[in-house]
Amino acid sequence: MSLDVVQLPLGPIQTNCYLVRRPNAPEAVVVDPSGDAAEIRLELAARGARCVGILITHGHWDHLGGVADLAEGTGAPIHMAEAERELLELAGEHTPAGVYVRPAQPTVLLGGDETIELAGITFETVAVAGHSPGHLAFAAEGALFSGDVLFAGSVGRTDLPGSDWETLSASIARLVDRFDPETIVYPGHGPATTLGHELATNPFLADLRATRQ
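Each value, and the rule that gives it
Residues numbered from 1 in each chain as written. Predicted model: local features only at pLDDT ≥ 70, side-chain atom pairs only at ≥ 80, totals over all residues. Heavy atoms only, no water. Phe/Tyr/Trp six-rings, centres within 6.5 Å; stacked < 30°, edge-to-face > 60°. Helix = DSSP H or I, 4+ residues; strand = E, 2+ residues; numbered from the N terminus. Salt bridge = Lys/Arg side-chain N within 4 Å of Asp/Glu carboxyl O. Buried < 20%, exposed > 50% of the residue type's maximum accessible area, 1.4 Å probe, protein only. Pairing = 2+ DSSP bridges. Axes fitted to C-alpha atoms, helices over the stretch in contact; angles between N-to-C directions. Contact = heavy atoms within 4.5 Å. Parallel < 35°, antiparallel > 145°, perpendicular 65-115°, else oblique. Nonpolar A, V, L, I, M, F, W, Y, C, P; charged D, E, K, R; others polar.

What follows deals with the packing of aromatic side chains. Per the counting criterion, the structure on display carries 3 aromatic pairs. Here Y18 and Y186 contribute two aromatic rings whose centre-to-centre distance is 5.4 Å and whose plane-to-plane angle is 65°, an arrangement assigned as edge-to-face. Separated by 168 residues along the polypeptide, Y18 in strand β2 (residues 15-21) and Y186 in strand β13 (residues 184-187) bring together distant segments of the chain.

This is the structure:
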């Protein structure tokens, strides 16, 4: 794989933020700035890179912690689903007690099936509703940033407002059908995995596995 991906578990519940660039490139993309923007910028600086784009998989508060500050400090455009823009624009109305997320205005609104060119990398957007109504995944060169749709050994919650198990299952099936089994999945929580490994072993994909045998 020709991408350099750094995983940073950040914020109150250690949500994964990803720094994505070509090896040793001066520009990077940040996926889900989930914690302190200063920490993200320090990590980028230590690697000789600067943020030129922000990609948000979905609008749940734990994925948005550093978005506003990172965008303001770097001038990087914020890309997120149009269906979930309110969760960022009115972030204070959608966070649990004791948690503060600074609101921001998304720069580029997405719906899925777009192509985004940032830092010399072509990202494909994939609509993967189920955990949240406007959830997106971002795919690039054998990497899939899945947010909270698919994890190593698990899947996204479907007991939240706007979530639905059948929709989530269909979204995961779409990913399995569209991408190579060796595709590396970088989830919103926990370690990286591959699509093939999850199809073969993930207990939540048993029904999907049965239809692919």
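Attention shifts here to the pattern of salt bridges. One pass over the structure, following the stated rule, counts 11 salt bridges. Across the salt bridge formed by R50 and E27, the nearest N and O atoms sit 3.0 Å from each other. Placement of R50 in strand β4 (residues 50-55) and of E27 in strand β3 (residues 27-31) is noted, with a sequence separation of 23 residues between them. Residue R50 is classed as partly exposed on the basis of its relative accessible area of 49%. We classify E27 as partly exposed; its relative accessible area is 28%. Because the salt bridges share partners, they merge into one network encompassing D69, E72 and R102.

Here the focus is the sheet that holds β4. One open sheet holds the 6 strands; their spatial order is β1-β2-β3-β4-β5-β6, and the pairing between them is mixed. Among the strands making up the open sheet, the edge pair consists of β1 (4-10) and β6 (108-110). Sheet twist, expressed as the mean angle between neighbouring strand axes with direction ignored, is 25°. Both β1 and β2 contribute to a ladder of 7 bridges, which runs antiparallel. Bridged to L10 within β2 is T15. Across the sheet, helix α1 (residues 37-46) touches β1, β2, β3 and β4, and the angle it forms with β2 is around 35°.

Looking now at the sheet that holds strand β9 (residues 136-140). On the basis of which strands lie adjacent, the open sheet formed by 6 strands has the order β7-β8-β9-β10-β13-β14 and mixed pairing. Taken across any chain shown, the strands that pair with only one partner, and hence form the sheet edges, are β7 (115-118) and β14 (193-194). By the bridge criterion, 4 bridges tie strand β8 (residues 121-127) to β9 in an arrangement that is antiparallel. Paired with V126 across the strands is A137, a residue of β9. On top of the sheet, helix α4 (residues 165-178) reaches β8 and β10 (143-147); it is set at about 140° to β8, its chief contact.

Once that is clear, we can look at the packing of α1 against helix α2 (residues 67-74). Running from amino to carboxyl end, α1 crosses α2 at an angle of 50°, the nearest separation of the two axes being 8 Å. Relative to α2, α1 is oriented oblique. On the side of α1, the interface is formed by A37, I40 and R41, while α2 contributes D69, L70, G73 and T74. The residue inventory of the contact of α1 with α2, partitioned by class, reads 3 nonpolar, 2 polar and 2 charged.

Let us look at unusual backbone geometry. In this structure, D113 is a non-glycine residue whose phi angle is positive, near 70°. Its place among the elements puts D113 in the loop between β6 and β7. Positive phi, normally seen in glycine, also occurs at A119, with a value near 55°. In this fold, A119 is placed in the loop between β7 and β8.

Just distances and angles here, no functional claims.
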